[in-house]
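Structural features, examined
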Amino acid sequence: MATVKAPRGTEDVLPGRSEQWSRLEAVTREVMASYGYREIRTPVFEHTELFVRGAGEATDVVEKEMYTFADRSGRSITLRPEGTAPVARAYIEHGMKLWPQPVKLFYIGPMFRYERPQAGRLRQHYQIGAEALGCGDPALDAEAILLPIELFRRLGLSGFSVHLNSIGCPRCRPAYRERLLEYLRPRAAQLCESCQRRLERSPLRVLDCKVPTCRAVTEAAPRSFDYLCDDCRVHFETLQGHLGALGVSYTLDPRLVRGFDYYTRTVFEVLSDQLGAQNALAGGGRYDGLVESLGGPPTPGVGFASGMERAMLAASSAGKAGGIEDGRAGWIDVYVASAAPARRREALLVTRRLREQGWRVETDYEGRSLRAQLRWADRAGARVAVIVGEEETSEPGDPMVVRHLARGEQQRADDAQVVALVGRWLA
Ligand SMILES: [Zn+2]
Ligand SMILES: [Zn+2]
């Protein structure tokens, strides 16, 4: 019979890596807490309409990449492609407008996109993200940029740079859009096929096209930050002043527009020169119109998201200094072996007592020889072994031996001494 395999574009995170993932999540929770963000867990599936209204119909994600299906009642359901629209929905649904503003939320979880799986682009992938809702102050934009930098710094990365742009607001963007169209229309023939198709509908997306001929065309295109209204200009200048004061180096990048329609004003990407210029570690921006477009009260918001697979890669390339230890180094502290079959029940009792101390303890379940048990202990990375009995003829009640596996040193212990001795050797 054929075996069942995991669906295309998914992966199993196995022991060895899963410890690293947990560590990344723990560091994330620490950093988020220090910035005043609290965790939100939204469902992995939502009504399709949420993403169509949130991200915008003409975006690549909504057009081609959503994992959408009809459930058994014929409702259109989508596995969430991103985390911001669900958080905005929850903000409205739970009346968070009445909470102290800003409401700062973070999430860690799987996102889904239906596309041809390729290197590093999984159909189920994980994201870390944070959203600050209910306040339009540029200091929150600065925080949304600083937070992922702080997170990656704690994972051992350095050499950060920020690409920054402001794409204006519904008041100033239409005029810029018109100027951009005036510039692009006469050059349309030089654009790639997909840019020609989306030119009239979303000309800003032409700016971030990676096709070389498109890049050549947009090189001298009008820049959005030259067309900002007064409010947007002051917001953008204040943000830049904050970043300068915080020592965050940034580059103005007029091509940066990001993939979703809901962005207003600030858009940014955080890069590290340790990963190469192509790879953004995090991206985000301000989305002052999103909550309203989902039927909520006018509510400004700003946030960022970061791919966890990318973060893991970054952390492991930064080495163990990153604080993400290699889980393969060992997963138990103490191994409890029994020297004789007659002492297996005692081994079970000692195992439980040691586990109650909070140590990671494993024992034999298969009646293996003492030699085989100690080999197993070594593979699992145990530092200390408790051998219940000294030889195969040992009887219940005979002394135990506690052995420091790296030093080869060992000491006899009775039932009353064993916990203290193990504790001393693990310290
Ligand atoms: Zn504006
Ligand atoms: Zn193009």
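Residues numbered from 1 in each chain as written. Chains lettered and ligands numbered in written order. Predicted model: local features only at pLDDT ≥ 70, side-chain atom pairs only at ≥ 80, totals over all residues. Heavy atoms only, no water.

Structural notes on the coordination of the zinc ion (ligand 2)
- Ligation of the zinc ion (ligand 2) by protein atoms is provided by C192 (SG), C195 (SG), C209 (SG) and C214 (SG), these donors lying 2.2 to 2.3 Å from the ion.
- Given four donor atoms and angles of 103 to 115 degrees at the metal, the environment of the zinc ion (ligand 2) is assigned as tetrahedral.
- Read in sequence order, the donor residues coordinating the zinc ion (ligand 2) give the pattern C-x2-C-x13-C-x4-C. You can see C192 sitting in the loop between α6 (173-184) and α7 (193-198) and its partner C209 sitting in the loop between α8 (203-207) and α9 (212-218), a full 17 residues away along the chain. (Donors = N, O, S within 2.8 Å, 3.2 Å for Na, K, Ca; no water. Tetrahedral: all angles 85-135°; square planar, octahedral: opposite > 155°, others 65-115°. Helix = DSSP H or I, 4+ residues; strand = E, 2+ residues; numbered from the N terminus.)

Remarks on the sheet that holds strand β9 (residues 264-272)
- Read from one edge of the open sheet, eight strands run β1-β5-β6-β11-β10-β9-β7-β8, paired in mixed fashion. Of all strands in the sheet, those with a lone pairing partner are β1 (38-39) and β8 (250-252), marking the two edges.
- Pairing of strand β7 (residues 160-166) with β9 involves seven bridges; the strand directions are antiparallel. From the neighbouring strand, L164 faces β9, where its bridge partner is F268. (Pairing = 2+ DSSP bridges.)

Regarding the domain arrangement of the protein chain
- For the protein chain, the assigned domains are domain 1 (18-172 + 228-322) and domain 2 (330-426).
- Here the C-alpha centroids of domain 1 and domain 2 sit 49 Å apart. (Domains from an automatic or database assignment.)

Digging into the packing of aromatic side chains
- Counting across every chain of the model gives eight aromatic pairs.
- Taking 5.8 Å as the distance between ring centres and 70 degrees as the angle between the ring planes, the aromatic pair formed by Y262 and Y287 counts as edge-to-face. One end of the pair, Y262, is in the loop between β8 and β9; the other, Y287, is in the loop between β10 (280-286) and α11 (290-293), with 25 residues separating them in the sequence.
- Residue class for Y287 comes out buried when judged on its relative accessible area of 2%. (Phe/Tyr/Trp six-rings, centres within 6.5 Å; stacked < 30°, edge-to-face > 60°. Buried < 20%, exposed > 50% of the residue type's maximum accessible area, 1.4 Å probe, protein only.)

Some remarks on the nonpolar core
- The biggest cluster of nonpolar side chains holds 47 residues, and the ones touching the most others in it are M32, Y37, I145, L147, F152 and F268.
- Broken down by element, the residue count for this core peaks at nine residues, all from helix α5 (residues 138-154).
- Setting aside its immediate chain neighbours within four residues, Y37 contacts M32, K104, L105, F106, A130, E131, A132, E143 and L147. (Core = buried A, V, L, I, M, F, W, Y, C linked by side-chain atoms within 4.5 Å. Contact = heavy atoms within 4.5 Å.)

A word on the coordination of the zinc ion (ligand 1)
- Taken together, C169 (SG), C172 (SG), C229 (SG) and C232 (SG) make up the full set of protein donors to the zinc ion (ligand 1), lying 2.3 Å away.
- Taken together, the four donor atoms coordinating the zinc ion (ligand 1) span angles of 102 to 114 degrees at the metal, a pattern that classifies the geometry as tetrahedral.
- Along the chain, the residues that donate to the zinc ion (ligand 1) are spaced as C-x2-C-x56-C-x2-C. Of this pair, C169 sits in the loop between β7 and α6 while C232 sits in helix α10 (residues 230-245); the two residues are 63 residues apart in sequence, bridging distant segments of the chain.
- Residue classification places C232 among the buried positions, given a relative accessible area of 0%.

Things to note about the pairing of strand β15 (residues 400-404)
- Burial of β15 is extensive: four of the five residues sit out of reach of the surface.
- Pairing of strand β14 (residues 384-388) with β15 involves four bridges; the strand directions are antiparallel. Each residue of the ladder has a partner; that of V386, found in β15, is V402.
- Here β15 runs beside strand β16 (residues 410-413); their pairing, made up of four bridges, is antiparallel.

Observations concerning unusual backbone geometry
- Geometrically, the link from Q101 to P102 is a cis peptide bond, its omega value of -5 degrees lying close to zero.
- Its location among the elements puts P102 in the loop between α4 (84-93) and β5 (103-112).

Points about the packing of α5 against α10
- Relative to each other, α5 and α10 sit at 50 degrees, their axes nearing to 9 Å. Judged on the interaxial angle alone, α10 and α5 are oblique. Where α5 crosses over α10, the handedness of that crossing is right-handed. Of α10, the residues touching α5 (which contributes P138, A139, D141, A142 and I145) are H235, T238, L239, H242 and L243.
- The class makeup of the residues in the contact of α5 with α10 is six nonpolar, three polar and one charged. (Axes fitted to C-alpha atoms, helices over the stretch in contact; angles between N-to-C directions. Parallel < 35°, antiparallel > 145°, perpendicular 65-115°, else oblique. Left-handed = near helix turned anticlockwise from the far one by under 90°. Nonpolar A, V, L, I, M, F, W, Y, C, P; charged D, E, K, R; others polar.)

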